[in-house]
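# Descriptive analysis of the structure
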Amino acid sequence: MRLAVFTKNRSNPAYGAARLGADRAAAAVGAEVRHYVPDTPDDPVQQSALIERALQDPPDAFVISPVHATRVNPALEKIARAGIPMVGFVNPIPVGPSVSYIGADDVRLADALAEYLFTHIAGDGSVLVVTGPADSVTSRDRLSGFMQATARHGGITIAGTLAGDYDRAVARARTAAWLLSHSPPKACLVANDIMAVGVLEALDDAGARADVVGVNAIPEAIRAIADGRMLATANFNAMQMANLATECAIRHLQGRPVPQSLELPVEIVDGSNWSDLDRPYEDRPVLPLEHFWRHA
């Protein structure tokens, strides 16, 4: 059994964890995994070319996180025409029939994270929002969730919105530039952890302090929470998602049932529970499909 696993980049540690999660599920049944990752992070042209390459020696199934909502569609349609099963994770597969999808409700997750932050600052103060790329489905949905929560809190003022492009250096540079002409915010809502680390670095460089929250629960963010530098993160568990997506692909090839769609629950990680995740991804557990889904 051969599986082609497509992740979005090598720059976000969460996708390295996703590849590890896929490998674990495959190893449990002796399946072979080939990983395909764009050299340029989140590049739809490169991901499309990698799909074309995989189709030259077709796998038994594709496990894929599309990097764009529409620009990979022609390549995905080729997989569908070839009759090869597809399972999506992180982002749904927008075209062609997919066997299953494993992800999270990014709007709900971001709303819960923002609500946590706003409660912490007593519903009052200026907040800097740092988003991912404009075309990113996860960034778009997380921004929607942030704004949804903001609308419930009249004392919260959005001091600014920056595009950090899901990149540590970009988030650091743009936050640093913003701080040159603005007073430090009371808090920062950041759409992923690798950007949150960049924001923390920019704040440190400016001698400023703010309550910062992010998304992903990467090890560096967990350590920042443990050290009191970062307030919280939402555990968008890409390793678990990829593990379950790969398990679903295997089960489908074995003729066994899988869920059409499965969303993982929201988990906020803060000073009260960070120690549960204070370990490298290699030592973090993943749970089997049966833990999340019971087939009638």
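Below or above, wherever it landed, is the structure these notes cover. (Residues numbered from 1 in each chain as written. Predicted model: local features only at pLDDT ≥ 70, side-chain atom pairs only at ≥ 80, totals over all residues. Heavy atoms only, no water.)

Quick look at a nonpolar patch on the surface now. There is a patch of nonpolar side chains on the surface, built from M1, V29 and L253 and spanning about 230 Å² of accessible area. Turning to its location among the elements, L253 is positioned in helix α9 (residues 238-253). (Patch = residues over 30% accessible without salt bridge, like charges linked within 9 Å, V, L, I, M, F, W, Y side chains within 5 Å. Areas by Shrake-Rupley, 256 points an atom, 1.4 Å probe, with all protein chains shown as cover. Salt bridge = Lys/Arg side-chain N within 4 Å of Asp/Glu carboxyl O. Helix = DSSP H or I, 4+ residues; strand = E, 2+ residues; numbered from the N terminus.)

We now examine the environment of L231. Inspection of the secondary structure assignment puts L231 in the loop between α8 (219-226) and β10 (232-234). Residue L231 is classed as buried on the basis of its relative accessible area, which comes to 13%. Each C-alpha atom of the pair L231 and V212 lies 5.5 Å from the other, and the pair is 19 residues apart in sequence. The contact partners of L231, leaving out residues within four places of it in the chain, are Y116, L117, H120, D211, V212, V213, I225, V269, D270 and G271. (Buried < 20%, exposed > 50% of the residue type's maximum accessible area, 1.4 Å probe, protein only. Contact = heavy atoms within 4.5 Å.)

A few words now on the packing of aromatic side chains. Per the stated rule, a full pass over the model turns up 2 aromatic pairs. An angle of 10° between the planes, with centres 4.7 Å apart, marks the rings of F6 and Y36 as stacked. With a gap of 30 residues between them, F6 in strand β1 (residues 2-6) and Y36 in strand β2 (residues 32-36) connect regions that are remote in the sequence. You can call Y36 buried: its relative accessible area is 10%. Between F6 and F62 the ring centres are 5.6 Å apart and the planes differ by 25°, which places this aromatic pair in the stacked class. Note that F6 is positioned in strand β1 and F62 in strand β3 (residues 61-64), a separation of 56 residues in sequence. Accessibility classification places F6 together with F62 in one group, the buried group. Members of the aromatic cluster, joined through ring pairs, are F6, Y36 and F62. Over the aromatic face of F236 sits the side chain of R142, whose NZ or CZ is 4.5 Å from the ring centroid. (Phe/Tyr/Trp six-rings, centres within 6.5 Å; stacked < 30°, edge-to-face > 60°. Lys NZ or Arg CZ within 6 Å of the ring centre and 35° of its normal.)

This part is about the environment of N12. For N12, the location among the structural elements is in the loop between β1 and α1 (13-27). Each C-alpha atom of the pair N12 and Y166 lies 7.7 Å from the other, and the pair is 154 residues apart in sequence. Sequence-distant contacts of N12, that is, excluding residues within four places in its chain, are made with N192, N216 and I218.

Let us look at the sheet that holds strand β6 (residues 125-131). The strand order β7-β6-β8-β9-β10-β12 describes an open sheet built from 6 strands, whose pairing is mixed. A strand with exactly one partner marks an edge of an open sheet, and here the two such strands are β7 (156-163) and β12 (268-269). Sheet contacts for helix α5 (residues 137-150): β6, β7, β8 (187-190) and β9 (211-215); angle to β6, the most-contacted strand, approximately 165°. (Pairing = 2+ DSSP bridges. Axes fitted to C-alpha atoms, helices over the stretch in contact; angles between N-to-C directions.)

Moving on, we get to the side chain of T138. In this fold, T138 is placed in helix α5. The exposure class of T138 is buried, given its relative accessible area of 3%. Not counting the four nearest positions on each side in its chain, T138 is found in contact with K8, V90, N91, D106 and Y166.

Here we come to the packing of helix α6 (residues 168-181) against helix α7 (residues 193-205). Two packed helices can be described by the angle between their axes and the distance between those axes. In the contact formed by α6 and α7, the axes pass within 7 Å of each other and the chain directions differ by 35°. Crossing hand, α6 versus α7: right-handed. Residues R168, A171, R172, T175, A176 and L179 of α6 form the contact with α7, whose participating residues are I194, M195, V197, G198, V199, E201, A202, L203 and D205. The residue inventory of the contact of α6 with α7, partitioned by class, reads 9 nonpolar, 2 polar and 4 charged. (Left-handed = near helix turned anticlockwise from the far one by under 90°. Nonpolar A, V, L, I, M, F, W, Y, C, P; charged D, E, K, R; others polar.)

The subject of this paragraph is the sheet that holds strand β11 (residues 262-263). Read from one edge to the other, the open sheet built from 6 strands follows the order β2-β1-β3-β4-β5-β11, with strand pairing classed as parallel. Taken across any chain shown, the strands that pair with only one partner, and hence form the sheet edges, are β2 and β11. Most of the contacts of α9 go to strand β4 (residues 86-89), to which it runs at about 165°, and overall it touches β1, β3, β4, β5 (100-103) and β11.

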